[in-house]
Amino acid sequence: MLACEHLKGTTVMNTSEASVAHPELPAPVPPRGRMSVWQFLNALRDSTISTFSQDAYELDIVHRKVLGRHLFVLSDPVAIKRVLLDQVANYEKTEITRRILEPGLGKGLITLEGDTWKAHRRTMSPSFDLRSVASYTPIMTAAAEELMASWRVLDAGASVDVADAMMEVTLRIISRTMFSSDSDDIMSIMGHAAGRYQATVLPNILDLLGVPEWLAGLGRSRAARRAFAEFDTVIDRLIESRMREAGNAPKDLLARLIGARDEQTGGGMSATEVRDHVITMFMAGHETTAMAMTWTWFLLSQHPAVEAKLHAELDEALGGRAPTQDDLAKLTYSRMVIEESMRIYPAVPAMEREALAEDTLSGVRVPKGSTVMIVPWVLHRHQKLWKNPERFDPERFSPEGCAARPRFSYLPFGGGRRICIGAAFAMAEATILLATLAQHFQFRLVPGHPVQPQSMITLRARHGMKMLLEPRTATARVGGGGRL
Ligand code: HEM
């Protein structure tokens, strides 16, 4: 049965109607028995999170054979650490992941392997360290304030699709961080390309059957070329002109990538390499944060007590003004809310690796060539690792809560050597968006709007997230009249 026919809690109540402290949160009901191959493939094409059976949420490791391939779903933190860190050389990204992503992303950090990945990661890391991220935060605050201003002129009772709004604001932030004043044209070209590409990159049955890439991926490569043609031309031209006028160019992320040198070899990156990294950052760096924020607004709308505590922190720390880099350390509860939201609805719901040689994980033999899945969606709801995993409770992320948990049991940004390079960027961005917008607005679901998580590459809201914007009446910060 498909996930969409099989969901609990898809139409969610507004909090005014909700009578329980712990509302049921939308998620596919895991199948109890084994799915047939066709059920599995159908479910996979519809939403990958609906393919995980109940035992995956209860056992350390689950083994399936799908179309002749061994597939393991791993939820034992010790074994996950082995895959992502201790024996990382034995576990590469899978051929299917590469097939799906490379036609669009080229050879960026996400798709590279081996020594080339290592050298590029080393070269790029300084552009994403805490000091660099601090230099990007004014862009984040400005974009959040612009969004707020655009909402303020809406009529009272207006509704917005918060998923779309979050996509737009995060696209604006990554565009300005990357290209400063050149960002406006590029942003709309990239927005279209990303949308078109996402719609055509799904794994097909030929990939799963192991049919050679040139045959299975024919349509995909063409679609990628079409989707990114205009973007490639614009970016190539921009990189070329930036390389020529290196001294005068703005000090944005693009300039940092062009000027980055490997601390070991002193080498830099070619124009093509920079372009592939730029596309990767765009694709990896906006939809993920947008989805994390979309789910956060939804969860807050369902949990008024958490929302009230968040408001109290924001009012005390900021008193209505926009947050800056210096405020981030004070916004501890805001951070806990985001972390708990990414536990329940992780923006990247699954990661895959291929075992290059036989190994043993959680006492189970894993043959060479097996696919090993690490699934934050499952791991974050695992019965052995979390108490009442289906409940939204930011207190889990208090210092004591974090200290009590095993490492590698919470992986919204992945873990080990290939942990998300943009994690600090994303956390700063999410905290600034949350703090800026939540000070002035409360979001309430449009009555009857269906909420369903759907996972392809990221965890989206299948029908978007239509919400009513309500000014926070308790404060004097809100504009008057019939306007927000
Ligand atoms: C809430 C937001 C984000 C989430 C949940 C997220 C999640 C992840 C995850 C789970 C991985 C690891 C994938 C794997 O091991 O297979 C990853 C890798 C990556 N992310 Fe993020 N990400 C976010 C934001 C960002 C941002 C803002 C950027 C860049 C501006 C970014 C760039 C990347 C890159 C380049 C990689 C590949 C790193 C490597 O393999 O060396 N991400 N991300």
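Surrounding the ligand, one finds 25 residues, the nearest of these being Trp117, Arg121, Arg353, Arg418 and Cys420. A distance of 2.7 Å separates an oxygen atom of the ligand from a polar atom in the side chain of Arg353. Within the contact set of the ligand, an oxygen atom lies 2.9 Å away from a side-chain nitrogen or oxygen of Arg418. Within the residue set of the shell around the ligand, elements represented by two or more residues are helix H4 (114-124), helix H12 (271-302), strand S7 (351-355) and helix H17 (423-438). No other element matches the five residues that H12 contributes to the shell around the ligand.

A few words on the side chain of Glu340. Structurally, Glu340 is set in helix H14 (residues 332-344). Judged by its relative accessible area of 0%, Glu340 is buried. Leaving out residues up to four positions away in the same chain, Glu340 has contacts with Arg391, Phe392, Asp393, Pro394, Arg396 and Phe397.

The next point concerns the pattern of salt bridges. By the definition in use, this model includes 24 salt bridges. Note that Arg122 is salt-bridged to Asp262, the shortest N-O span being 2.6 Å. Taken together, the positions of Arg122 in helix H4 and Asp262 in the loop between helix H11 (253-259) and H12 put the pair 140 residues apart, joining distant regions of the chain. If you follow the salt bridges from partner to partner, you end up with Glu95, Arg98, Glu102 and Lys107 in one network.

So, on to the coordination of the iron atom of the ligand. If you check the protein contacts of the iron atom of the ligand, you find one donor only, Cys420 (SG), at 2.3 Å. Tracing the backbone through its elements, the reader meets Cys420 in the loop between helix H16 (399-403) and H17.

Moving on to the environment of His63. Examined against the element boundaries, His63 turns out to sit in strand S3 (residues 61-66). Between the C-alpha atoms of His63 and Val366, which are 303 residues apart in sequence, the distance is 9.2 Å. Every residue in contact with His63, bar those within four places of it in the chain, is listed here: Arg34, His70, Leu71 and Phe72. Within the local environment of His63, its side chain forms a polar contact with the side chain of His70, the two groups lying 2.9 Å apart.

The next thing to look at is the sheet that holds strand S6 (residues 159-161). Taken together, three strands build an open sheet; the order of strands is S6-S14-S11 and the sheet is antiparallel. Of all the strands in the sheet, just S6 and strand S11 (441-445) have a single pairing partner and so form its edges. The mean angle between the axes of side-by-side strands here comes to 40°, regardless of whether they run parallel or antiparallel. When S11 meets strand S14 (residues 466-471), the two strands line up antiparallel, connected through five bridges. From the neighbouring strand, Arg444 faces S14, where its bridge partner is Leu468.

With that settled, the discussion passes to unusual backbone geometry. Its identity as a non-glycine residue notwithstanding, Leu67 has a phi of 50°, on the positive side. The residue Leu67 is located in the loop between S3 and strand S4 (69-74) in this model.

Our next topic: the nonpolar core. Trp151, Met166, Phe231, Val278, Phe282, Trp297 and Met465 are the most contacted members of the largest nonpolar core, which totals 138 residues. Examining the composition of this core, we find that 15 residues originate from one element, H12, more than from any other. Other than its neighbours up to four places away in sequence, Met465 contacts Val160, Asp161, Val162, Ala163, Thr294, Trp295, Phe298, Leu445, His449 and Val451.

Overall, the predicted model of the chain reaches an average pLDDT of 87, with 87% of residues at or above 70. In the predicted structure, residues 13-20 sits below a pLDDT of 50 and forms 10 contacts with residues beyond four places in sequence or in another chain.

This part takes up the sheet that holds S7. Read from one edge to the other, the open sheet built from five strands follows the order S3-S4-S10-S7-S5, with strand pairing classed as mixed. On the outer flanks of this sheet lie S3 and strand S5 (91-93), each paired with one strand and no other. Geometrically, the sheet is characterised by an average inter-axis angle of 30° between neighbouring strands, direction not taken into account. Inspection of the sheet shows S4 paired to strand S10 (residues 371-374) by four bridges, in the parallel sense. Residue pairing in the sheet places Leu74 in a bridge with Ile374 of S10. Across the sheet, helix H2 (residues 77-86) lies against S4, S5, S7 and S10, angled at about 115° from S10, the strand it touches most.

Bridge analysis of S3 against S4 gives six bridges, and the strand direction is antiparallel. When the sheet's bridge partners are listed, Val66 is paired in S4 with Arg69. Hairpin geometry of S3 and S4 is characterised by an intervening segment of two residues between the two adjacent antiparallel strands and by a positive phi of about 50° at Leu67.

For the rest of this paragraph, the subject is H14. Taking 1.5 Å of rise per residue, 13 residues should cover 18 Å, and H14 covers 19 Å from first to last C-alpha, within 8% of that figure. Most of H14 is tucked away, with 11 of its 13 residues classed as buried. Of all the residues in H14, the buried ones are Tyr333, Ser334, Met336, Val337, Ile338, Glu339, Glu340, Ser341, Met342, Arg343 and Ile344. Where H14 is buried, its residues contact H12, helix H13 (304-318), helix H15 (376-379) and H17.

This part is about the environment of Leu59. Assignment of secondary structure puts Leu59 in the loop between helix H1 (37-46) and S3. Judged by its relative accessible area of 40%, Leu59 is partly exposed. When the C-alpha positions of Leu59 and Leu74 are compared, they lie 8.6 Å apart, and in sequence the two are 15 residues distant. Not counting the four nearest positions on each side in its chain, Leu59 is found in contact with Ser75 and His382.

Analysis parameters
Residues numbered from 1 in each chain as written. Predicted model: local features only at pLDDT ≥ 70, side-chain atom pairs only at ≥ 80, totals over all residues. Heavy atoms only, no water. Near = heavy atom within 4 Å. Polar contact = N/O pair within 3.5 Å; in protein donor to acceptor, adjacent residues only side chain to side chain. Helix = DSSP H or I, 4+ residues; strand = E, 2+ residues; numbered from the N terminus. Buried < 20%, exposed > 50% of the residue type's maximum accessible area, 1.4 Å probe, protein only. Contact = heavy atoms within 4.5 Å. Salt bridge = Lys/Arg side-chain N within 4 Å of Asp/Glu carboxyl O. Donors = N, O, S within 2.8 Å, 3.2 Å for Na, K, Ca; no water. Pairing = 2+ DSSP bridges. Axes fitted to C-alpha atoms, helices over the stretch in contact; angles between N-to-C directions. Core = buried A, V, L, I, M, F, W, Y, C linked by side-chain atoms within 4.5 Å. pLDDT = per-residue confidence, 0-100. Expected span 1.5 Å × (residues − 1).

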